[in-house]
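Spelled out, the chains give:
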Amino acid sequence: MILQALDAYYRRKQADPDPAKRLPAFGLEDKEIPFVLEIDADGKLLNIADTRSDDGKKKIGQRFLVPQGAKKTSGVMANLLWDNAEYVLGIPDAKKLEKSRAENKEADYLARLLTMRQKFREVITDLPDTVQADDGIRAVLAFLDGLTPETLAGFAALADIEAGNPILSFRLHGDLGLVCQRPAVVVATAVQNEDAPDGVCLVSGQPAAIERLHPAIKGVWDAQTSGANIVSFNLDAFNSYGKAQGANAPLGQAAVFAYTTALNHLLARDSRQRIQVGDTSTVFWAEEAHDLENTMVDLFGDPPKDNPDKNTDAIKALYAAIASGQFSVGGMDTRFHVLGLAPNAARISIRFWETATAADLAKRIAQHFDDITITHAPHDPTHLSLFRLLTGVALLNKADNIPPNLGGEVLRAILEGLPYPATLLNLAVARCRAEQKPTYARAAAIKASLNRFIRFRNSPEKEFTAMLDPSNTNPAYRLGRLFAALEKIQEDASPGLNATIRDRYYGAASSTPAAVFPTLLRLSKHHLGKLPPGLAITRERLIGEVMDGFDAATFPPRILPLPDQARFALGYYQQRQAFFTKSESKPQEQTP
């Protein structure tokens, strides 16, 4: 199903009326090439063009359509008219050379280097005679035959090439495209990739030449930089019924090219159809051009610094589409696909796969934002991005401390309309206790997790609202409100305190209330005596209102289990926010 959907997406992009948006034709691939060797018709090197541009701290080379690369294993296998500096120029890789010297294998490495150069030339000479008559091919062969150390001397780019072993290709002087993009080469590449059928393709259901080794998928976060595979068999233990490697999952060469090209396009660095959540690289696409393809990044990602309202605008547009029953581009019944990928050594794990109509998906995403909506300070963002939600429950609020599977599981819960993983609630409560403070992100995670638990278990418990709910009689929620009220009384009585009862007692109050609340209530009487009469009466009324929801026989509870600790945190947070959002005649209270 996944491969069929990717194959369909490839065919859709191949038919795009805008040539700039089309994916490479069969036999070609999009490749970053930092340096281009510009040669004349006689093979003389005129220039080494540096195609790189600054992208933050890193220089990124220009991307070109080139013949599809060989599936390189431990042997020597060259690509057609492009490859790294070892193959093209015979320049040693600095790291490999140093390693070979340390292992006393320098002679072996240099011999292999010579073989690599020979193989690079053989791939070109294996082209049909009609193609070798092309001016560009003749120029490349002449360059390779006449290559000496003096050929490269004096070019500024040589130092970078020697240091980094980058990808290189050729351009004939006067041409705009590369030699490998000349019409004769492109036609020959497509013909060479069409082998005789030897099986039935699982994607198309038609006879096809079965691909033995699939091209690598690149762009999955923390996977091997050289790429990894979704479909691969490399040990005898994986063989079955006498079938080995690609025959275990027979896919035609065209289908393999289609799904790998489509997936690499979706995972590209500049793709607008991918988001990174924890260790899960998530891509999404529709069966036709659709609004959601371009707005999913804005819905779940952090807004750019130069446009902080971008995700808010995207969420408003999503709600508007649901209310009106139509998107500006694409239909409500358009099938939408979301694929979550995670690294697994040389392979890629499928973290989740969801297919739904655009209408269903939009409603589930909107429900997520409804669930995490909670009162907050004016300076906080209106909507929490998924990244901020996850870092809010992580140690030190750092992305590196988000548990590996959590991001993918939360996103899966959103897209499939399922309860959030228990880990999200557990972490939010644990961080509240550890830091003695429920924050915006933690309170949002707690409210969303509790409400989905209530909803999916058909519990009689009332769902929690975004604002303070005085009518909620849950004991743990009321205890949190009571703790916030007692803290506010202390702050009113002693303005400018460096530490309040929250800093000393939050952990115990939220887990073993009976151990601390009698003491806190006694202290509050002392603090109330310091307040002006009017404010003291207001605070006493609040204490009375909160206490009215308790059973005198069981107050205060001896312990609170973790779900009740979550309700405590939510009650505390919302009561604190109520203090600072409630209109008062005197601006004596500030944002927490």
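Look above for the structure.
Residues numbered from 1 in each chain as written. Predicted model: local features only at pLDDT ≥ 70, side-chain atom pairs only at ≥ 80, totals over all residues. Heavy atoms only, no water.

(A) Local environment of the sheet that holds strand 11 (residues 274-277). Spatially, 11-12-13-14 is the arrangement adopted by the 4 strands of the open sheet, whose pairing is antiparallel. Two strands bound the open sheet, and with one partner strand each, they are strand 11 and strand 14 (347-357). Across the sheet, the mean angle separating the axes of adjacent strands is 20° when strand polarity is ignored. Contacts between helix 1 (residues 2-14) and the sheet are confined to strand 12 (280-286), strand 13 (335-344) and strand 14, with strand 12 contributing the most and set at about 55° to the helix. (Pairing = 2+ DSSP bridges. Helix = DSSP H or I, 4+ residues; strand = E, 2+ residues; numbered from the N terminus. Axes fitted to C-alpha atoms, helices over the stretch in contact; angles between N-to-C directions. Contact = heavy atoms within 4.5 Å.)

(B) Examining the pattern of salt bridges more closely. Overall, the coordinates contain 31 salt bridges when judged by the stated rule. Of the charged contacts in the structure, one is a salt bridge between Asp298 and Arg272, with a shortest N-O distance of 3.1 Å. In this pair, Asp298 sits in helix 11 (residues 291-300) while Arg272 sits in the loop between helix 10 (253-266) and strand 11, placing the two residues 26 residues apart along the sequence. For Arg502, the salt bridge goes to Asp503, with nearest N and O atoms at 3.6 Å. If you follow the salt bridges from partner to partner, you end up with Asp371, Arg452, Arg455 and Glu463 in one network. (Salt bridge = Lys/Arg side-chain N within 4 Å of Asp/Glu carboxyl O.)

(C) Spatial organisation of unusual backbone geometry. The linkage connecting Phe555 with the following residue, Pro556, adopts the cis geometry, with an omega of -10°. In this fold, Pro556 is placed in the loop between helix 21 (533-547) and helix 22 (562-581). Positive phi, close to 60°, is recorded for Asn104, a residue that is not glycine. If you trace the backbone, Asn104 turns up in the loop between helix 3 (94-102) and helix 4 (106-125). At Asn458, a residue that is not glycine, the phi angle is positive and equals roughly 50°. Inspection of the secondary structure puts Asn458 in the loop between helix 17 (440-456) and helix 18 (475-493).

(D) Fine view of the packing of helix 19 (residues 501-511) against helix 22. Axis separation between helix 19 and helix 22 bottoms out at 8 Å; the angle between their running directions is 140°. With respect to each other, helix 19 and helix 22 are oriented oblique. The two elements helix 19 and helix 22 cross, and the hand of that crossing is right-handed. Counting all contacts with helix 19, which are made through Arg502, Tyr506, Ala509, Ser510 and Ser511, the residues of helix 22 involved are Gln565, Phe568, Ala569 and Tyr572. Here the residues of the contact of helix 19 with helix 22 are counted per class, giving 5 nonpolar, 3 polar and 1 charged. (Parallel < 35°, antiparallel > 145°, perpendicular 65-115°, else oblique. Left-handed = near helix turned anticlockwise from the far one by under 90°. Nonpolar A, V, L, I, M, F, W, Y, C, P; charged D, E, K, R; others polar.)

(E) Just the sheet that holds strand 8 (residues 167-172), in detail. Across the sheet, which stays open at both edges, the 4 strands sit in the order 3-2-8-7 with mixed pairing between neighbours. Since the sheet does not close on itself, it has two edges, and those belong to strand 3 (45-50) and strand 7 (82-84), each with one partner. Within the sheet, the average angular offset between the axes of one strand and its neighbour, ignoring direction, is 30°. With 5 bridges joining them, strand 2 (residues 35-39) and strand 8 adopt parallel strand pairing.

(F) A look at the environment of Val179. With respect to the helices and strands, Val179 occurs in the loop between strand 8 and helix 9 (183-192). Given a relative accessible area of 1%, Val179 falls into the buried group. Measuring from C-alpha to C-alpha, the distance between Val179 and Gln577 comes to 66 Å, with 398 residues separating the pair along the chain. Discounting residues that sit within four places of it in the chain, Val179 has contacts with Leu81, Gly136, Ile137, Val140, Phe170, Arg171, Leu172 and Val185. (Buried < 20%, exposed > 50% of the residue type's maximum accessible area, 1.4 Å probe, protein only.)

(G) Region of interest: empty space enclosed by the protein. A full pass over the atoms with the stated rule returns 2 cavities of 30 Å³ or more. Lining the largest cavity, in full, are Phe369, Ile372, Thr373, Ile374, Thr382, His383, Leu384 and Tyr440. Looking at the lining of the largest cavity, its residues break down into 5 nonpolar, 3 polar and no charged. Looking at the second largest cavity, its volume works out to about 30 Å³. Lining the second largest cavity are Leu486, Gln490, Ile501, Leu520, Leu523, Ser524 and His527. Here the lining of the second largest cavity gets 4 residues from one element, more than from any other, and that element is helix 20 (residues 513-528). (1 Å grid on protein atoms, 1.4 Å probe; cavity = no way out; pocket = protein on both sides within 12 Å on 5 of 7 lines; lining within 4 Å. Points joined across faces, edges and corners; volume = space filled by probe spheres on them.)

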